[in-house]
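Overview (structure and organization)
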Amino acid sequence: MKTFIILTELTEEGKKAIQNDPAGMKLSAQAIENRGGILVDQFALLGPWDFLTIIKAKDEKTIFRITTELDALGTVKTMTLPAMPIEEFIDDIITSV
């Protein structure tokens, strides 16, 4: 499974929605699993991004499906980044150069 970081920014609609239903902004682990991913963790952030979510997925198609559906809600804008454990980065990328 690959690791993906999703940075999320609330839209104006999302800011209103979070006031009415704060729990509704939390991504559902079940909804992510239904689309082939695993919710690892979520964090609220200070700064230009409002939330950080860590998801494991088998491939990029799976994460595209998850983030496309999330963006389609109109309450958030996302940026998705692939991530790699630092040990793997050192062993597979740095030492092979």
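These figures come from a predicted structure and were not determined experimentally.

The secondary structure content of the chain amounts to four helices and four strands. For the chain, the spread of C-alpha atoms along the three principal axes comes to 50 × 30 × 20 Å. The buried share among the 97 residues of the chain stands at 28%. Nonlocal contacts in the chain, meaning residues at least 24 apart in sequence, comprise 65% of its contacts between residues at least 6 apart. Entry remark: accessible area of the chain is about 6,500 Å², with carbon and sulfur atoms responsible for 59%. One finds the centroid of the 10 positive side-chain charges in the chain at a distance of 6 Å from the centroid of its 15 negative side-chain charges.

Here the focus is helix H3 (residues 60–72). Under the 1.5 Å per step criterion, the end-to-end length of H3 is 18 Å for 13 residues, consistent within 8% with the ideal 18 Å. For H3, the complete set of buried residues consists of Thr62, Ile63, Ile66, Thr67 and Leu70. In an axial view of H3, the angular spread of the buried residues amounts to 120 degrees, which keeps them on one side of the axis. More than 90 degrees from the buried face of H3, the exposed residues found are Lys61, Phe64 and Ala72. If you follow the buried residues of H3, they end up packed against strand S1 (2–10), helix H2 (29–34), strand S2 (37–44), strand S3 (51–57) and strand S4 (76–83). Its side-chain oxygen placed 3.4 Å from the backbone nitrogen of Lys61, Asp59 serves as the N-cap of H3. Note on H3: the residue one or two positions beyond its end, Gly74, has a positive phi of about 85 degrees.

Attention now moves to a negative patch on the surface. Where like charges cluster on the molecular surface, the negative patch consists of Glu87, Glu88, Asp91 and Asp92. With respect to the helices, strands and loops of the structure, Glu87 is situated in helix H4 (residues 86–94).

What counts, and at which threshold
One numbering rule holds for all chains: residues counted from 1, following each sequence as written. The predicted origin of the model limits local features to residues at a pLDDT of at least 70 and limits the giving and counting of side-chain atom pairs to 80 or more, whereas totals for whole chains, interfaces and linings rest on all residues. Computation of side-chain values: all heavy atoms of the structure, hydrogens and water removed. Strands here are runs of E lasting at least two residues and helices are runs of H or I lasting at least four, both read from the DSSP assignment and numbered beginning at the N terminus. For every residue, the accessible area (1.4 Å probe, protein chains only) is compared with the maximum for its type, and the residue is labelled buried under 20%, exposed over 50%, or partly exposed between those bounds. In what follows, residue pairs with any heavy atoms lying within 4.5 Å of each other are defined as contacts. The method behind every accessible area is Shrake-Rupley, applied with a 1.4 Å probe, and residues are considered shielded solely by the protein chains displayed. In this tally, Lys and Arg are treated as positive and Asp and Glu as negative; His is ignored, and so are the chain termini. By convention, charge coordinates are those of NZ in Lys, CZ in Arg, CG in Asp, or CD in Glu. To estimate how far a helix should extend, the number of its residues minus one is multiplied by 1.5 Å. By construction, the arc corresponds to the directions joining the helix axis to the C-beta atoms. Polar contact criterion, stated in full: a pair of N or O atoms within 3.5 Å, where within protein one must be able to donate a hydrogen and the other to accept it, and residues adjacent in sequence count only if both atoms are side-chain atoms. Each patch is built from residues that are more than 30% exposed by relative accessible area and take part in no salt bridge. Like charges join if they lie within 9 Å; nonpolar side chains (Val, Leu, Ile, Met, Phe, Trp, Tyr) join within 5 Å. Salt bridges are defined as contacts in which a side-chain nitrogen from Lys or Arg sits within 4 Å of a carboxyl oxygen from Asp or Glu.

Any link to function would need more than the numbers given here.
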